[in-house]
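Coordinate analysis (summary)
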Amino acid sequence: MGVLDGKVSFVTGGSRGIGRAICLALAEAGSDVALNYSTSREAAEEVAALIHKMGRKALIYQANVSNPDEDDTMVAQIVKDFGLVHIVVNNAGITRDKSFVKMDRPMWHEVLNVNLTGPAMIIHRLIKPMMEHGWGRIINITSIVGQMGNFGQANYAAAKGGLMALTKTLAREFAKKGVTVNAVAPGFIDTDMTADVPSASLDIVRQMTPMGRLGKPEEVAATVAFLASPQASFITGEIIGVNGGMYM
Ligand code: NAP
């Protein structure tokens, strides 16, 4: 028996990295999982297969979370396949880095659309039935960069900072309906996203991190699974850092 037996989770960007680990952690805790991906179909199928092996239901859904039509189709299909969604994890995210002076409008809008507008609109589509049911969990994956800022990431920092503000506002709006809204703010985690960061920069990150290392996707996923659990019932509007002490 898991603490999330009978629950349905929807995770965006579940095909790789942190999202993959979140899907597996939620399934491990007993949840069925609707898993969104954008381009990595094979990787998404692999995650779903691992969840099936745990005896849980898992289905994959292709959609670019910043595209309203694709979101509509995806959410309608998820509700058809699973019924009520109890747990929403907005994990999908991208970077398009450049110093602010060189950053053009498309780079700005693409990151804001995927990392902030996408999550907001996904919550908007799913929140009413969750509130009517009287229980729900919304967990947004933000970033230490939204807390500290970071050279070359004005678009990403603004989106993640906005996601934290959205988290706190929705926590206030949904609290009386039994729906908690929290955010997890990872530090630098070993995934494809950080694989592009020059090794000299990662050395600086390690030096700035009291634990002296990058985090693992599973360490973020464990925090998400806790926030999704009944044990986290009195936590809402919180931003939980998973960053090895880099920001406190
Ligand atoms: P990643 O390894 O690059 O994986 C990104 C995931 O998001 C993939 O599953 C990808 O799907 C999906 N995705 C990207 N754009 C999408 C879109 N438009 N629509 C739907 N799915 C999309 O990234 P990660 O490191 O796991 O990061 C996951 C989250 O954690 C992001 O929100 C990121 O900002 C945040 N974060 C990461 C770190 C870090 O150090 N890694 C630190 C702080 C916060 P496909 O595979 O199908 O393309």
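Our structure's up above, just so we're on the same page.
Residues numbered from 1 in each chain as written. Predicted model: local features only at pLDDT ≥ 70, side-chain atom pairs only at ≥ 80, totals over all residues. Heavy atoms only, no water.

On to the packing of helix α1 (residues 17-28) against helix α2 (residues 41-53). Look at α1 against α2: their axes get within 10 Å of each other, and the N-to-C directions meet at 15 degrees. In this view, α1 runs roughly parallel relative to α2, as classed from their interaxial angle. The hand of the α1/α2 crossing is right-handed. On the side of α1, the interface is formed by R20, C23, L24 and A27, while α2 contributes E46, V47, L50 and I51. Grouping the amino acids of the contact of α1 with α2 by side-chain chemistry returns six nonpolar, no polar and two charged. (Axes fitted to C-alpha atoms, helices over the stretch in contact; angles between N-to-C directions. Helix = DSSP H or I, 4+ residues; strand = E, 2+ residues; numbered from the N terminus. Parallel < 35°, antiparallel > 145°, perpendicular 65-115°, else oblique. Left-handed = near helix turned anticlockwise from the far one by under 90°. Contact = heavy atoms within 4.5 Å. Nonpolar A, V, L, I, M, F, W, Y, C, P; charged D, E, K, R; others polar.)

Here we take up the packing of aromatic side chains. Tallied over the entire structure, the rule returns zero aromatic pairs. When the ring centre of W135 is taken as origin, the NZ or CZ atom of K7, which lies over that ring, is 4.5 Å away. Positioned above the aromatic ring of F82, the side-chain terminus of K57 is 4.5 Å from the ring centre. (Phe/Tyr/Trp six-rings, centres within 6.5 Å; stacked < 30°, edge-to-face > 60°. Lys NZ or Arg CZ within 6 Å of the ring centre and 35° of its normal.)

Running from N to C, helix α3 (residues 68-82) and helix α4 (residues 105-133) cross one another at 35 degrees; their axes reach a closest spacing of 11 Å. At the point where α3 passes α4, the crossing takes the right-handed sense. On α4, the residues that touch P68, D71, D72, M74, V75 and V79 of α3 are I122, R125 and L126. Its residues assigned to classes, the contact of α3 with α4 shows six nonpolar, no polar and three charged.

A separate point is the pattern of salt bridges. Under the criterion given, the structure shown has nine salt bridges. Here E45 makes a salt bridge to R41, at a shortest N to O gap of 3.1 Å. A residue pair is termed a helical-turn pair when its members lie 3 or 4 positions apart in one helix, as E45 and R41 do in helix α2 at four residues. Residue E45 is classed as partly exposed on the basis of its relative accessible area, which comes to 37%. Residue D203 pairs with R206 through a salt bridge whose shortest N-O separation is 3.0 Å. Note that D203 and R206 are positioned in helix α8 (residues 199-208) at a spacing of three residues, about one turn of the helix. Judged by its relative accessible area of 38%, D203 falls in the partly exposed class. Note on R206: relative accessible area 33%, which makes it partly exposed. Overlapping salt bridges, with partners in common, bring together D71, D72 and R125 in one network. (Salt bridge = Lys/Arg side-chain N within 4 Å of Asp/Glu carboxyl O. Buried < 20%, exposed > 50% of the residue type's maximum accessible area, 1.4 Å probe, protein only.)

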